[in-house]
Amino acid sequence: MTSPVAPPSANLAEMEEALLSVDRVKAGRIVKETCTPGSPFVCLETLVVPALEEVGRRWEAGDVALSQVYMSGRICEEIVDAMLPPGDPQRIGQPKMAIAVLEDHHTLGKRIVVSVLRAGGYEISDYGHGVMAEDLVKLVAKDNIRILLISTLMLPAALRAKQAIAEIKKAQPQTKVIVGGAPFNFDSTLWHEVGADAMGHTASDTLALVKEMAGGDGQ
Amino acid sequence: MTDIMTPFERTMTAIGQKEPDRVPLFLLTTMHGAKELNLSIREYYSRAENVIRGQTILQKKYDSDCYYPFFYASAEVEAWGGDVIYITDGPPNAGRPIIRSPQDIVSIDVPEVASCESLKKITDCIRGLAAQSAGKIPVVGVVMSPFSVPVMQMGFEPYLDLMYTQKDLFWELMKKNQQFCIDWANAQLEAGAHAICYFDPVSSPTSVPPELYRKTGMVVAKETIARIKGPTATHLASGRALAIIDDLATTGTAIVGTSALENIGEVKQACNKRLTVLGNLNGIEMRRWTPEIAEARVRETIARAGKGGGFILSDNHGEIPWQVPDRVLMAISSAVKKYGTYPLAE
């Protein structure tokens, strides 16, 4: 992969603004004007991902709302899917990844993370919501998942991740687990307590963790 | 030193922006009543009598300044025809959404409050607690705001999509939810609740940007609260409040429940006596606090927001997690007396 060339910072700021104001048309136009056809990864690395990272940083600081993070992810996912359709051989080669909402049925966090990872060029299996710990352990083993993302909203589900992670680590010590969701945001030590390898404060934070864990495999 | 007040007097004085005898404590324990009665959470919520007994024990034990006859948020979804999923160590969750496509909004009927079994248990509980209170202990009823309940009715992502892209259907849902919310709040007030906690996390800047809130959740809150025949407290259930304090103050609410993510002193300053501040002990961290940490957190929170009244100490979410141990709750209760007696130490 060639070194990405950064777009003018004005375009990045404009892209961020378009995402926060949920302006699909404007975001699409900025991508069209900024990115070179045939170089989707340059576009991802220099425009789409940095814009999402900034949205994530501002969410963490309390400056933007969850609805804006969600809609930003959706818009970028649509743009990237158009440039780089699912299953395209140009998509990032990577360790097998999956995401699940453990036990409960609050799927917004998972949806945001999936959108941001897909907008970053990654493929991820979606195990859905209301997944019980024992079923998650089986799925991870069956699919030989190397990076597992666990999303929770309710504290009991977050605590139950401990059992699932312990069993996953026992069977597949090489599998890395990233947790995220409200209980982890409200208790900064909880991710460690449940035995996760890392915690994603935001979806773009999770994208950075995935990149690091994937170690640039296959790009 | 002020004479000892009843919890009702203490609370009303604080809401009147004056200093009562001590900082009021709303220790919002719900499921802990099941522990006290040695029942499962499901059994506990199966009968109003259990919750009356549970709340009575909890209020006495922790010297809390209110009765909190809140069962679980998904009781409202049950009223709309949805399912509830019980777990052994947390609040029952809403099951499969009742609105599976935005078009369902057109045909969904607003439930009649009086004919909903899940709600009748709650009004029976309020009636029992109100009789017991004899006007000395506030009984706080709960409604989910029309703007926030769609998260349970249809799921958060479809709801955000609706809000951004299908405004007509969004407002149709708001009208239906408002009718239910007003009827449900007034039924609780008629049963004897002294005030209604209006849970509205989606209105928080954590969930939607203030400019969108001003066109949606705030409009809904103003219209709804105006038709609730009693005082209301708006709780953002762990969501931030600071950026919309001026807006909240125009909705007719008397109290705002704030997040542990914000400095409660700053929130109180922004309220500027227009609203009373409720909060903001971190309920998630509370699970692993020692009594010493609990005492320190109470002391710090009171120091930030206690002076001059207009403050009620509570958790930041409106429900203490099942996992929070008794020793921590006892430490919070003791610390309020130690550090929250007026006049506060400088």
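All values derive from a computational prediction rather than experimental measurement. (Residues numbered from 1 in each chain as written. Chains lettered and ligands numbered in written order. Predicted model: local features only at pLDDT ≥ 70, side-chain atom pairs only at ≥ 80, totals over all residues.)

**Q** In this structure, what is going on with helix α2 (residues 24–34) of chain A? I would like to understand it.
**A** Each α-helix turn comprises 3.6 residues. Residues three or four places apart therefore point the same way. Residues and elements named next belong to chain A. Every buried residue of α2 is listed here: A27, I30 and V31. Buried residues of α2 fall within an arc of 100° about the axis and therefore sit on the same side. More than 90 degrees from the buried face of α2, the exposed residues found are V25, K32 and E33. (Buried ≥ 20, exposed ≤ 12 C-beta atoms within 10 Å, placed from the backbone. Helix = DSSP H or I, 4+ residues; strand = E, 2+ residues; numbered from the N terminus. Arc of directions from axis to C-beta.)

**Q** Would you mind going over the sheet that holds strand β1 (residues 25–26) of chain B with me for this structure?
**A** Residues and elements named next belong to chain B. Read across the open sheet, the seven strands follow the order β1-β9-β8-β7-β6-β5-β4; overall the sheet is parallel. Each end of this open sheet is capped by a strand with a single partner; those strands are β1 and β4 (140–144). Each of β7 (255–257), β8 (276–281) and β9 (311–315) is contacted by helix α1 (residues 7–15), which is oriented at about 115° to β9, the strand it contacts most. (Pairing = 2+ DSSP bridges. Contact = placed C-beta atoms within 7 Å. Axes fitted to C-alpha atoms, helices over the stretch in contact; angles between N-to-C directions.)

**Q** Can you help me understand the pairing of strand β6 (residues 232–235) of chain B in this one?
**A** Where a strand is regular, its side chains alternate between the two sheet faces. All names here are of chain B. Burial along β6 is two-sided: T232 and T234 facing one way and A233 and H235 facing the other are all buried. Taken together, the three bridges between β6 and β7 define a ladder with parallel strand orientation. Across the sheet, the residue bridging to A233 is I255, located in β7.

**Q** Teacher, can you tell me more about the interface of chain A and chain B here?
**A** Interface size is often expressed as the accessible area that is lost when the parts come together. Contact with chain A, which involves 21 residues of that partner, is made by 22 residues of chain B. If one sorts the elements of the side of chain A that touches chain B by residue count, helix α4 (residues 66–83) of chain A sits on top with five residues. Along the lines of polarity and charge, the residues of the side of chain A that touches chain B split into 12 nonpolar, six polar and three charged. (Nonpolar A, V, L, I, M, F, W, Y, C, P; charged D, E, K, R; others polar.)

**Q** What's the story with helix α7 (residues 117–133) of chain B in this structure? I'm lost.
**A** All names here are of chain B. For α7, with 17 residues, the first-to-last C-alpha span of 24 Å sits near the 24 Å given by 1.5 Å per residue. Every buried residue of α7 is accounted for by L119, K121, I122, T123, C125, I126, G128, L129, A130 and S133. On its buried face, α7 is in contact with α4 (48–62), α5 (75–79), β4 and α10 (167–191). Two residues or fewer after α7 comes A134, characterised by a positive phi angle close to 50°. (Expected span 1.5 Å × (residues − 1).)

**Q** When you look at the sheet that holds strand β1 (residues 97–101) of chain A in this model, what are you seeing that I'm missing?
**A** Each strand in a sheet pairs with another by means of backbone hydrogen bonds, the pair being arranged parallel or else antiparallel. Residues and elements named next belong to chain A. The five strands lie next to each other as β2-β1-β3-β4-β5, forming an open sheet whose pairing is parallel. Two strands close off the open sheet at either side, each with one partner strand: β2 (125–126) and β5 (198–199). Here β1 pairs with strand β3 (residues 147–151) via five bridges, running parallel. Bridge pairing links I99 to L149 in β3.

**Q** What exactly am I supposed to notice about the domain arrangement of chain A here?
**A** Residue and element names in this part refer to chain A. Taken domain by domain, chain A consists of domain 1 (9–83) and domain 2 (97–214). Computed over C-alpha atoms, the centres of domain 1 and domain 2 are 24 Å apart. Across the contact, 16 residues belong to domain 1 and 15 residues belong to domain 2. Mapped onto the side of domain 1 that touches domain 2, the elements with two or more residues apiece are α3 (40–60) and α4. Broken down by element, the residue count for the side of domain 1 that touches domain 2 peaks at nine residues, all from α3. For the side of domain 1 that touches domain 2, the residue count by class is 10 nonpolar, two polar and four charged. (Domains from an automatic or database assignment.)

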